[in-house]
Amino acid sequence: MSQSFLAANASNRIRSKDMFMLIALWMEKHPNQHAVSLSDSALPTGAVLVDAQDHIVTLETTGASHAIVRAILSASIDPQGCDIYVSRFPCSLCTKLMVQAGIRKCYYFPSKRWELGRNGNEDPHLWSGDFAPNVADRPGQELSRYVSSPLLIPPVNDIVVPALDLQDATESLRSSPQSLEVIQKPELLEEKNRKSVQRLVSNNPIALSLFIPQWDHSPTEPDAPSGLLEMPEDDDDWAVLDARVGEQPGITQRWTMIQAKFKRTVYALRLLSKRYMATVKHWQGAQLVETTSAEPVMQHAMVLAHIAAKRTDDNKVGVGAVLVDSRGTYISVGWNGYPKRSQHLDYPQAGADDSVEDDELKYDYILHAEQNALLWRSCRGKDLSTVTCVSTKMPCDECSPIISDCGVRRIVTTPQFAKSKDDPARFRGLTYGLLHQLVDDIYVFDVL
């Protein structure tokens, strides 16, 4: 069931918008997300910047600043006219930077939790709803940072104490050693942010559009397959739809179907994540060095590559490939398919297993995922000696020399099983003998 559900080929091809938003959602799970100190208001968020040709320019995740900010500022091209896909409703800071950069359209996933960015000049404790310190526990603690003017005091015996100025509030806290909650309702912050974003969008040539991606576009609306994997308790807020979206006119009647299809989408990503929680065999040339646990970036990149494979127009098999540097930053995404702007049946569709003449095979026409990833990389001319190519299928003898000539010295992939000696197709398909001769380090996931 899981193999057919995860299969990638032309029959279950997804739209480019689905792929971009799925990648944005998956970027929330990037292992380097927690390697930086997140700002007080920032949530794990993914952002994908896409140019007018539907090529990915940058993929970013939350750092010290928000993902949208990082995606725009790290772009190797002028972002004017580009679209951006983000896994949460954007904050006003991100929106004004998108306006200034000339972003054409922002697609956002209606996540349960918004990216409620705050101005860097605002007190973080007022945004996060922190408590003022217990004066008895921290004698001499400076209290001014916890007090705004005016300060709202919680009700006492159903009577609201009037606002106090800074000096009176500080003296009150010193004389009454108990924690004081700074009242901040998330719904008020959301409304403030929404109004700011709407004003920026209405006054500028930028569009804002809600988008919910799908793993497949089957005509049925089944629930997720049985055996739905549960995420860890600390991950309950990942990829959760905002229920308020279902209350909007025009969506209410379709909301049950939308939820069911998105449940399948989340299931697919979870299933892929579990699949690549596996060991890898490390080869140096033709010699097996060790079997070890896969690095978190390898696991994340393999799932991302599998998402990209869903864009293939190959009838037989979809392949995805990504290039990731030594810092864990993605620099390119590719998938296999026919030359751009080609129409259906412009080229042969048959594979080695089909009973057709050799000149009706697809292999002379299909561009491989690794080739497209190298062609579409946004950092042309960059040294790739520290870059890893992660592919859902082992690079063949057509791709291996290209990968080597581009300077890539590290490959992460899956096993390629040889055809039986009794299978005549073994003489007509792809061969895989050059990879171990041309690439220094090869990591092969121990998966079927």
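In the block above lies the structure referred to throughout.
It should be emphasised that the depicted structure is a prediction, and the values quoted were computed from it without experimental measurement. (Residues numbered from 1 in each chain as written. Predicted model: local features only at pLDDT ≥ 70, side-chain atom pairs only at ≥ 80, totals over all residues. Heavy atoms only, no water.)

**Observations concerning the packing of aromatic side chains**
Geometrically, a pair of aromatic rings is defined through the distance of the ring centres and the angle of the planes. Under the criterion given, the structure shown has eleven aromatic pairs. Look at Phe5 and Tyr267: their rings are 5.3 Å apart centre to centre, the planes differ by 45°, and that puts the pair in the tilted class. Highlighted residues: Phe5 in helix α1 (residues 2-6) and Tyr267 in helix α8 (residues 255-275), separated in sequence by 262 residues. Judged by relative accessible area, which is 7%, Phe5 ranks as buried. What links up through ring pairs into an aromatic cluster is the set Phe20, Tyr85, Tyr107 and Phe211. Taking NZ or CZ as reference, Lys29 lies 5.3 Å from the ring centre of Trp238, over its face. (Phe/Tyr/Trp six-rings, centres within 6.5 Å; stacked < 30°, edge-to-face > 60°. Helix = DSSP H or I, 4+ residues; strand = E, 2+ residues; numbered from the N terminus. Buried < 20%, exposed > 50% of the residue type's maximum accessible area, 1.4 Å probe, protein only. Lys NZ or Arg CZ within 6 Å of the ring centre and 35° of its normal.)

**Some words on the side chain of Thr45**
Along the polypeptide, Thr45 turns up in the loop between α2 (16-27) and β1 (46-50). For Thr45, a relative accessible area of 0% translates into the label buried. Within polar-contact distance, the side chain of Thr45 engages the backbone oxygen of Leu43 at 2.8 Å. Engagement of the side chain of Thr45 in a polar contact is seen with the side chain of Arg88, the distance being 3.3 Å. (Polar contact = N/O pair within 3.5 Å; in protein donor to acceptor, adjacent residues only side chain to side chain.)

**Concerning α8**
Turn by turn, an α-helix covers 3.6 residues, leaving residues three or four places apart pointing in a common direction. Taking 1.5 Å per residue as the helical rise, α8 with its 21 residues ought to reach 30 Å, and the 30 Å between its terminal C-alpha atoms agrees with that figure. Most of α8 sits out of view: 15 of its 21 residues are buried. (Expected span 1.5 Å × (residues − 1).)

**A look at the sheet that holds strand β5 (residues 207-210)**
Strand order in the open sheet made by the five strands is β2-β1-β3-β4-β5, with mixed pairing throughout. Of all strands in the sheet, those with a lone pairing partner are β2 (56-61) and β5, marking the two edges. Put simply, the sheet's adjacent strands are angled 15° from each other on average, direction ignored. As defined by bridge partners, β1 adjoins strand β3 (residues 83-86) across four bridges and the pair is classed as antiparallel. Bridged to Leu49 within β3 is Ile84. α2 contacts β1, β2, β3 and β4 (105-108) of the sheet and is inclined by roughly 30° relative to β2. (Pairing = 2+ DSSP bridges. Axes fitted to C-alpha atoms, helices over the stretch in contact; angles between N-to-C directions. Contact = heavy atoms within 4.5 Å.)

**Digging into the sheet that holds strand β11 (residues 410-413)**
Spatially, the seven strands line up as an open sheet ordered β7-β6-β12-β11-β10-β8-β9, and their pairing is mixed. With partners counted over all chains shown, the strands left at the sheet margins are β7 (287-293) and β9 (330-335), one partner each. Ignoring strand direction, the axes of neighbouring strands in this sheet form an average angle of 20°. Taken together, the five bridges between strand β8 (residues 320-324) and β9 define a ladder with antiparallel strand orientation. When the sheet's bridge partners are listed, Leu323 is paired in β9 with Ser332. The sheet contacts of helix α9 (residues 296-309) involve β8, β9, β10 (388-391), β11 and β12 (441-445), and relative to β9 the element is tilted by about 40°.

**Describing the environment of Ala7**
Within the secondary structure layout, Ala7 lies in the loop between α1 and α2. On the basis of relative accessible area, Ala7 is assigned to the partly exposed category, the value being 25%. Between the alpha carbons of Ala7 and Gly318 there is a distance of 7.8 Å; along the sequence they are 311 residues apart. Those residues within four positions of Ala7 in sequence are excluded, and the remaining contacts are Asn12 and Lys310.

**Comments concerning the side chain of Glu190**
Within the element layout of this structure, Glu190 appears in helix α7 (residues 186-202). Here the side chain of Glu190 touches Arg244 through a polar contact of 2.9 Å, side chain to side chain.

**Section: unusual backbone geometry**
The phi angle at Asp54 is positive, at roughly 65°, despite the residue not being glycine. Relative to the assigned elements, Asp54 resides in the loop between β1 and β2. A positive phi angle is found at Ala239, which is not glycine, with a value near 55°. Secondary-structure assignment places Ala239 in the loop between β5 and α8. On the basis of relative accessible area, Ala239 is assigned to the buried category, the value being 9%.

**Re empty space enclosed by the protein**
Within the structure shown, the criterion is met by one cavity of 30 Å³ or more. Lining the largest cavity are Asp54, His55, Ile56, Ser332, Val333, Trp335 and Trp376. Among the elements that line the lining of the largest cavity, the one with the most residues is β9, at three residues. Grouping the amino acids of the lining of the largest cavity by side-chain chemistry returns four nonpolar, two polar and one charged. (1 Å grid on protein atoms, 1.4 Å probe; cavity = no way out; pocket = protein on both sides within 12 Å on 5 of 7 lines; lining within 4 Å. Points joined across faces, edges and corners; volume = space filled by probe spheres on them. Nonpolar A, V, L, I, M, F, W, Y, C, P; charged D, E, K, R; others polar.)

Structural measurements only, silent on function.
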